[in-house]
Amino acid sequence: MTVLQTQLTGVARRPARLLLTGLAMLVASFVVFATVLAQQIAERTMLDGLSGTPAAADLVVGGENTGNPARLTPDDLAKLKAVPGVAEAVGRVDTTGQAGGQYLNLTADPGSGPLAITHVTQGRFPAAPGEIAVSPRTADRMGLPVGTAVTLFTSWDDEGEPIKPVKFTVTGLVDARDDYGFTGYAPESTVAALVPDGLLSRAELRFRPGADAAAVRSAVDRIVQSGPAPGEGFERPRVRTGAEVRTAEANEAASGLDALFAVVAMFVAIAVVAAGLVATSTFRIVFAQRMRQLALLRAVGAGRGSISRALAAEGALTGLVAGLAGVLGALAVGHALPPILRGFDLSVASPGWPVLPAIGVLLLSVTITVLAVLAPAFSAARVAPLEALRAASTTGGRRDIGRLRWVFGLLLALGAAGSAGYVITNLPGRDERDYSVEPMLFMVVVSGALAFFALMALGPVLVRPVLAGVGWPLRRLGAIGRLAVGGVGGAPRRAAAVSVVVALGVTLIAGLVVTGASVRVLADRELASTVPADYEVTANGDDPLPAAVYDQAKASTDLAHVTPYRRLEDVLIGGSETKLAVTDLVMRQLPTLDKIDVSAGSLADLGPGKVAISGFTTDLTGLKVGDTTTLKAGDRTARVQVVATLPDGAPLHSYLVLDPSDLTRLGAPAGYSGLLADAAKTGEAGRTAGQKALQQLTQGRAGLGVAVLADERDQLNLVLDGVLAVALGLIGLTVLIAVVGVGTTTALSVVERVRESGLLRAVGLSRGGLRAMLTMESSLYGVIGATIGLLLGVPYAWLSIKALGVNAPLTLPAWQLIAVFVALVAFTALAGVLPARKASRVSPVAALATDG
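Report follows, based on the coordinates. Since we're looking at a predicted model, the values are computed, not measured.

The four strands are arranged 13-21-12-22 in an open sheet whose pairing can be described as antiparallel. Each edge of the open sheet is held by one strand with a lone partner, namely strand 13 (559-565) and strand 22 (704-708). Pairwise comparison of adjacent strand axes, ignoring direction, gives a mean angle of 20° for this sheet. Bridge count for strand 13 against strand 21 (residues 674-679) is five bridges, and the pairing is antiparallel. Looking at the pairing, Y565 lines up with G674 of strand 21. The sheet strands contacting helix 19 (residues 547-555) are strand 13, strand 21 and strand 22, and the helix crosses strand 13 at an angle near 155°. Each of strand 12 (535-539), strand 13, strand 21 and strand 22 touches helix 22 (residues 683-698); the most contacted strand, strand 12, lies at about 15° to it.

Laid out in structure tokens, this is it:
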């Protein structure tokens, strides 16, 4: 008990040391509890804002997502409105039609009142048949400002031609929860008239103030149950409360939250492990500084067990204080965030006061800290009293790692290499079937984990050769550089402990950057085939595209790279009986097509008598580059040579790309099937201008449609950017803890080396020189860690890409990797600035008088 009291008294006298020791765990606790609060904020916000049912709806009558619609008629709606206690009943129904060659989704809404899901921003809401309102983006994209007349086709004949035109006038613009650029709104009677049988999807009821909710629901149930049998393909409407429906809708919309936060939890777990490693290193340094005190305790009769328990108790106290500070800090930020965001017109829910998760974070902090302190505590307790009376730096500078650690580290390295070798030997071919991705990715993770643990075990040994290489330029800077390199190399265990955490963060970031760049190249290649331009104009059926449309599009200042094409269906290749679609799109006219991936050959070789074939065609026929085959369409034939094979489909969802002269030989008509074009200007304004130009060209020409292909490309890029940004932010947690570890290590080493600093000052080193030396030492931790991280991150990124079984090439974004390296070195250097300034302020006389 006396030993424990002595240790705790020392902690109370030096609270700054307690703060430094637990700083990494404080950050980790903050991150863990902040993640808990973020999940609560997200879930509550989803429940508040992602339901499509108005908050005023007390009852909802409709289907239950069983795949069969409820049979609810306008007559049923009239009966529901007449129920005593019902203030308002609104019918919901929607339909899709074609307007000007584009699809328009029309939804029923009252336009005003508590049950409305829209509100008018310009003009007025439709009040009579033949009137609709549209969203602002729909008005821009489809050219439907207020006052515009539009014809909507809601039915098609057997040949796919639109029939039953209905004329509408746009009376207003409305804001709603979603605006996809093809949404319109009208009263329930207008929309129901466009739907077969006039059936409603559901009805929403609002009660009168003071109404008996149970009585109203019973009356509604009687109306629903007394109706005729729903018939085949329909179900009887179900009555549910508005709160029940809103919760179900929000939960469905937020169904990805659990998976998302499971991924977040994985990265947070990595950050916690990093904090544990930093804490272990920190305790090792602190206990090394107190060897003289521990030796005196041993000399007066304290046993190893009592010292170990006392040091473990100190660690538990450090974890408790750090965890409490982290939880309180996260709570403060979590509750300050909603009012701050409301100032920017962003409404998010409050996280509440999750007591049990807070207690869990505190226990986690104490547990991790106790685990981190055990090895240094046992090591400190085992030292004999006489050996412990040596200088602290003697223990901290041990260079050996022991035979057992050598063996353990080598076994881990062999395990990592063996796992990676297994993945490499089982990688799929370009189009290999029955390849399972999950086991290969699991083996990549196993290999990476084993490599990291091997790095932890062999770190002190690996630091020396890495330091010899990266420290060479610093030695050329003179005495300060040589002193900095010597200071890091003199304590390889400490350097390894901190650098390993930095290496972990850099490995993850480098791997993510390389993987992201490679996947983006793959996405660009695939999109170049499926989305080769910003717009596509097509002619329905067998009618050709009017020549005037192409000529006017070519002359438009809002369009660029206007490229027409012809398409021929039902073409046979070789002896196959499978009919394929063929196009004569001139590949070199669209810049995007330069990105198309080619399995073999070159698209530049396309010309008369030459053909490029898709991956499906290759599998179907067995043709390869250099082979000659015969194409047949009806009684026409053409002999062609394969000059390129594509890994997937050919552009425009075709299977072969021919020269125009060969397509003519196969009997293709002279008229174009469609055209592709890009916007002449970048940005949303340029895209809208290009779309309007094409709409004007196709206006009044039946059978022509305009598709905005670029929206699909933007959506994919947006998702990819979002995923990479979130992943980088999560990996940044590990880097943050690594930087905290560097700052803590530097600060504690300054305390440990006060006498050394005083001696350097006494022999002529200036304050600025001492600051530069210590800052340079701090940056060297970043250099060592970043070097090891890049050496591990890039190969594992390549292995991950190959294990996915996709045709993504290994892409090395050199400038981004250099930026990661420089940023990590800069952050670790900044982490050492304050400790270096503190060390430089101590006078040489006071430093030389310091004990130890």
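From this point, the narrative continues.
Take the environment of L646 next. As for its position among the elements, L646 is in the loop between strand 19 (636-645) and strand 20 (656-658). Linking L646 and S614, residues 32 residues apart in sequence, is a C-alpha distance of 4.8 Å.

Turning to the environment of D75, a few remarks are in order. Along the chain, D75 falls in helix 3 (residues 74-81). As a C-alpha pair, D75 and L199 span 124 residues in sequence and 9.8 Å in three-dimensional space.

Another aspect to go through is the sheet that holds strand 10 (residues 202-207). The sheet built from four strands is open, its strands ordered 2-10-1-11 with antiparallel pairing. Bordering the open sheet on either side are strand 2 (86-92) and strand 11 (238-241), each of which pairs with just one other strand. Across the sheet, the axes of successive neighbouring strands diverge by a mean angle of 20°, strand direction being ignored. Sheet analysis places strand 2 next to strand 10, joined by six bridges and oriented antiparallel. Looking at the pairing, E88 lines up with R206 of strand 10. Sheet strands in contact with helix 3 are strand 1 (59-62), strand 2 and strand 10, and its direction is about 165° off that of strand 2.

Mapped onto the secondary structure, E131 falls in strand 6 (residues 131-134). Here the side chain of E131 touches A127 through a polar contact of 2.9 Å, landing on its backbone nitrogen. A polar contact is formed between the side chain of E131 and the backbone nitrogen of A128, at a distance of 3.2 Å. Contacts of E131, omitting those with residues within four sequence positions, involve R124, P126, F168, T169, T171, A186 and T190.

Another point: helix 3. All buried positions along helix 3 are accounted for by D76, L77 and L80. Projected down its long axis, helix 3 carries its buried residues within an arc of 100°, all on one side. Residues of helix 3 that are buried make contact with strand 1, strand 2, helix 5 (188-192), strand 10 and helix 6 (213-226).

Between helix 18 (residues 492-530) and helix 25 (residues 767-803), the least distance of the axes is 6 Å, while the angle of their chain directions is 40°. Seen from above, helix 18 lies across helix 25 with right-handed handedness. Of the residues that constitute the contact of helix 18 with helix 25, the class distribution is 16 nonpolar, nine polar and one charged.

Following the sequence through the fold, V740 ends up in helix 23 (residues 710-752). Look at V740 and you get buried, because its relative accessible area is 14%. Here the alpha-carbon distance between V740 and V498, two residues 242 residues apart in the chain, equals 9.7 Å. Setting aside its immediate chain neighbours within four residues, V740 contacts L23, A24 and V27.

Parameters and conventions
Residues numbered from 1 in each chain as written. Predicted model: local features only at pLDDT ≥ 70, side-chain atom pairs only at ≥ 80, totals over all residues. Heavy atoms only, no water. Pairing = 2+ DSSP bridges. Helix = DSSP H or I, 4+ residues; strand = E, 2+ residues; numbered from the N terminus. Axes fitted to C-alpha atoms, helices over the stretch in contact; angles between N-to-C directions. Contact = heavy atoms within 4.5 Å. Polar contact = N/O pair within 3.5 Å; in protein donor to acceptor, adjacent residues only side chain to side chain. Buried < 20%, exposed > 50% of the residue type's maximum accessible area, 1.4 Å probe, protein only. Arc of directions from axis to C-beta. Left-handed = near helix turned anticlockwise from the far one by under 90°. Nonpolar A, V, L, I, M, F, W, Y, C, P; charged D, E, K, R; others polar.

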